[in-house]
Amino acid sequence: MDDAKKDSLRQAALDYHRYPKPGKLEVRATKPLANGRDLSRAYSPGVAEACLEIQSSPDAARDYTSRGNLVAVVSNGTAVLGLGNIGALASKPVMEGKAVLFKKFANIDCFDIELNENDPEKLADIVCALEPTFGAINLEDIKAPDCFIVERICRERMNIPVFHDDQHGTAIVVSAAATNALRLAKKRFEDIKVVSTGGGAAGIACLNMLVKLGVPRENIWLCDLAGLVHEGRVEDMTEQKAAFAQPGGPRTLMDVIDGADLFLGLSGPGVLTKEMVARMADSPAIFALANPNPEIDPDDARAVAPNALIATGRSDYPNQVNNVLCFPFIFRGALDVGATAINDEMKIACVEGIAELARKTTSAEAAAAYQGEQMTFGPDYLIPKPFDPRLMGVVATAVARAAMETGVATRPLDDLAAYKAKLDGSVFKSAMIMRPVFEAASTSERRLVFSEGEDERVLRAANAIMEETIDKPILIGRPDVIEARCERAGLSIRPGRDFEIVNPESDSRYREYWTTYHEILQRKGVTPDLAKSIMRTNTTAIGAVMVHLQEADSMICGTFGQYLWHLKYVQQILGTGPVQGGLHAVAALSLMILEDGPLFVADTHIHATPSGAQIAETVIGAARHVRRFGVVPKIALCSHSQFGNLDSDSGRRMRDALAILDSQPRDFEYEGEMHADAALDGELRNRIFPSSRMHGAANVLIFANADAASGVRNILKMKGGGLEVGPILMGMGNRAHIVTPSITARGLLNISALAGTPVAHYG
């Protein structure tokens, strides 16, 4: 990577942390505070009642405060991944990031706490003193062997779960992958030989977990920078390493690798050679987990051992060992049963839950989220994907069950099946909903043409596309203008080198473009001269012609101008009309990512006053698109009339749509016509209309006119704190998307990920 590219990535990362407000977290009130009555309950005198309840019954703190869902991420910054001992203050961005993962993956509130204390016993004293505030403690990035001391003291003295994720999170995910690798290789833990490199906290924890799963301690060979850990060795030894000392004298990794069934690497790049792999057992499991460069490149390992079962710490290879598979969900289960500790049985339950999930038939939601990837149990799918929506329910429930069975649960659950169902229903209540779309986009290279390539937002989106996906952006615009704006924006990308340019003023394909446009529209009043003029000035039409000629897979336009103006040219060139059964604009669907979950809104742009047939078509298209996000659609047809109580125009059209939908079996829930509040409040809807066929809150609102849909979309975006993804143009087979002038660079990146998803026709 050249220096300019590194500088650009560095600045982008700094801007992400700095704008629009510094940091990645904020504290929000969960109760109203709008008047004196609220104030008297939130603080004096009403707060005294909660204090007295807790004084008389300490367990009541879970009922009257946030403690039962609050975790502390604690670090002194002495062993930050990839950075080393950078100190407590410099580690804060990492700890904030960990807190964000807790919230987004498991809806656990989190405070990051960075402590200037390097004495492990004093550090443990400070952590223990935090017990009244938190429901659990996550120790993070504390160097070995201090981390062992801190965790031991805290676990002995505290009556809440204490979990050092660098140790146990890694150990759990490694063990889940090992469980399934051995199953495929038809081997048992009791019989295998393990060779490991790296005697740090994670490495030792992995070996201890393997012992708990049945690997004889004498079958484990631990190597570090000083060679084999052996009896009598003095150099760089700890009591944790000494537990795995082998008899005999000094030896190297090459000396002990013969016949190894599992190589566990938590060290550095290039440690394992092809010659060493050749000396391992048949069907070896090779877990090369060093980041960013593994102990051996997976392709090199397979060149020697084609039947090797390989895992790395990287997301661009199969079987990524990522702690996010574990830590949010083990804490979720522990907190929900009021566990006083995270014991070995809970960790093993976590291992078994993760491993079993990979062996199960892939869910429809996971398949939609990771379209194009191998999702069947086998050598390239030993453990689930980090964004598999089933993880929460499976892992947290397994942990909760183990806590109850071992007696550490102070608030056991009555119905674990109901608990799992509740967790499954909460999975997508976060902005992480877009992550699976990016994962799907990264599996297939698509060419995306941006009609307004000179816009700085487009340039920033193009830069991000090349960082996050393998799609190829094509920009329509003047090369000198684009280059100058890249320079001004501090972007390292340059036209011609990093992405293709189509110059409307001078392009070798100009004749092909205008003749193609003329051929399509010559019987609709377009003359050759008009076609030539449009292909020099109308970048939306140019982008559509490129997609028509298969020079691009999808186009994105609309950063300026009116939506329907762009749609006219998109449909002229790429649409074949409903009569012929081809592509035509069905509706515009916006995904609004809200704090309590996603909400889809349609039709915001295409039909000002849709007919019943158009509404029904919008409903069917929305159901297909919502599933792309792994969300089960629940669709409400919204109007001024509610279940026939008004003979209004919108009510009649909604009833017509309902009749069309009812004429054939549908594989999704829908109901109407109704007000928006009844759509979003299942209890209210049931009081008004007890026979409703839809259960719970709707996640898709279809309106009877574009004014209502667009108004709701904009209110949610501007006043409701919603992040918009879209509009998604349904009906054009993913060949075109039209955004709006208010879109941000991040919004363009999101719509690019949707356009970059390898779907032949989804709308």
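Residues numbered from 1 in each chain as written. Predicted model: local features only at pLDDT ≥ 70, side-chain atom pairs only at ≥ 80, totals over all residues. Heavy atoms only, no water.

Scanning the entire structure with this criterion turns up 40 salt bridges. Asp63 is the salt-bridge partner of Arg411, the closest N and O atoms lying 3.1 Å from each other. You can see Arg411 sitting in the loop between α17 (391-405) and α18 (416-426) and its partner Asp63 sitting in helix α4 (residues 61-64), a full 348 residues away along the chain. For Asp224, the salt bridge identified is with Lys241, shortest N-O distance 2.9 Å. Of the two residues, Asp224 is situated in strand β6 (residues 220-224) and Lys241 in helix α10 (residues 239-242); the sequence distance between them amounts to 17 residues. Among the charged side chains, a network of salt bridges with common partners joins Asp224, Arg233, Asp236 and Lys241. (Salt bridge = Lys/Arg side-chain N within 4 Å of Asp/Glu carboxyl O. Helix = DSSP H or I, 4+ residues; strand = E, 2+ residues; numbered from the N terminus.)

One pass over the full model with this rule turns up four cavities of 30 Å³ or more. By volume, the second largest cavity amounts to about 50 Å³. If you go around the second largest cavity, the residues you meet are Val502, Asn503, Pro504, Asp507, Arg509, Tyr510, Tyr513, Met535, Arg536 and Ile542. Looking at the lining of the second largest cavity residue by residue, the classes come out as six nonpolar, one polar and three charged. (1 Å grid on protein atoms, 1.4 Å probe; cavity = no way out; pocket = protein on both sides within 12 Å on 5 of 7 lines; lining within 4 Å. Points joined across faces, edges and corners; volume = space filled by probe spheres on them. Nonpolar A, V, L, I, M, F, W, Y, C, P; charged D, E, K, R; others polar.)

Now for helix α15 (residues 344-359). Taking 1.5 Å per residue as the helical rise, α15 with its 16 residues ought to reach 22 Å, and the 23 Å between its terminal C-alpha atoms agrees with that figure. Residues Met346, Lys347, Ile348, Ala349, Cys350, Val351, Gly353, Ile354, Ala355, Leu357 and Ala358 constitute the buried set of α15. Contacts made by the buried residues of α15 are with α7 (146-157), α8 (165-185), α9 (201-212), α14 (327-336) and α17. (Expected span 1.5 Å × (residues − 1). Buried < 20%, exposed > 50% of the residue type's maximum accessible area, 1.4 Å probe, protein only. Contact = heavy atoms within 4.5 Å.)

A few words on helix α24 (residues 539-548). The element α24 is extensively covered by neighbouring structure, given that nine of its 10 residues are classed as buried. Buried within α24 are the following residues: Thr539, Thr540, Ala541, Ile542, Gly543, Ala544, Val545, Met546 and Val547. Of the residues one or two after α24, Gln550 is the one with positive phi, at around 65°.

Inspection of every chain in the model, using the stated rule, returns eight aromatic pairs. Taken together, a centroid distance of 5.0 Å and an interplanar angle of 70° make the contact between Phe102 and Phe327 edge-to-face. Separated by 225 residues along the polypeptide, Phe102 in helix α5 (residues 92-106) and Phe327 in helix α14 bring together distant segments of the chain. Accessibility expressed as a relative area gives 0% for Phe102, which makes it buried. Put simply, the rings of Phe102, Phe163, Phe327 and Phe331 touch in pairs and so form one group of aromatic residues. Over the ring of Trp221 we find Lys193, and its NZ or CZ is 5.1 Å from the ring centre. Here the guanidinium or amino end of Arg536 rests over the ring plane of Tyr510, the centre of that ring lying 3.5 Å away. (Phe/Tyr/Trp six-rings, centres within 6.5 Å; stacked < 30°, edge-to-face > 60°. Lys NZ or Arg CZ within 6 Å of the ring centre and 35° of its normal.)

Turning our attention to unusual backbone geometry. Cis geometry marks the peptide bond from Tyr19 to Pro20, where omega comes out at -5°. With respect to the element layout, Pro20 can be found in the loop between α1 (3-18) and α2 (36-42). Cis geometry marks the peptide bond from Asn291 to Pro292; its omega dihedral reads 0°. Located in the positive-phi region is Ser283, a residue other than glycine, with phi close to 50°. By secondary structure assignment, the location of Ser283 is in the loop between α12 (274-278) and β9 (285-288). Residue classification places Ser283 among the buried positions, given a relative accessible area of 17%. With a phi angle near 65°, Gln550 is a residue other than glycine that sits in the positive phi range. Structurally, Gln550 is set in the loop between α24 and β14 (554-557).

This paragraph deals with the sheet that holds strand β13 (residues 500-502). The strands making up a sheet are joined through hydrogen bonds of the backbone, oriented either antiparallel or parallel. Ordered by their spatial adjacency, five strands build an open sheet running β13-β12-β11-β14-β21, and the pairing between neighbours is parallel. Two strands lie at the open edges of the sheet, namely β13 and β21 (736-738), each paired on one side alone. Each neighbouring strand pair of the sheet contributes to a mean axis angle of 20°, computed without reference to strand direction. In this sheet, strand β12 (residues 472-476) lies alongside strand β11 (residues 447-450) in parallel orientation, the contact comprising four bridges. From the neighbouring strand, Phe450 faces β12, where its bridge partner is Leu475. Across the sheet, helix α25 (residues 563-574) is in contact with β14 and β21; its angle to β21 comes to roughly 170°. (Pairing = 2+ DSSP bridges. Axes fitted to C-alpha atoms, helices over the stretch in contact; angles between N-to-C directions.)

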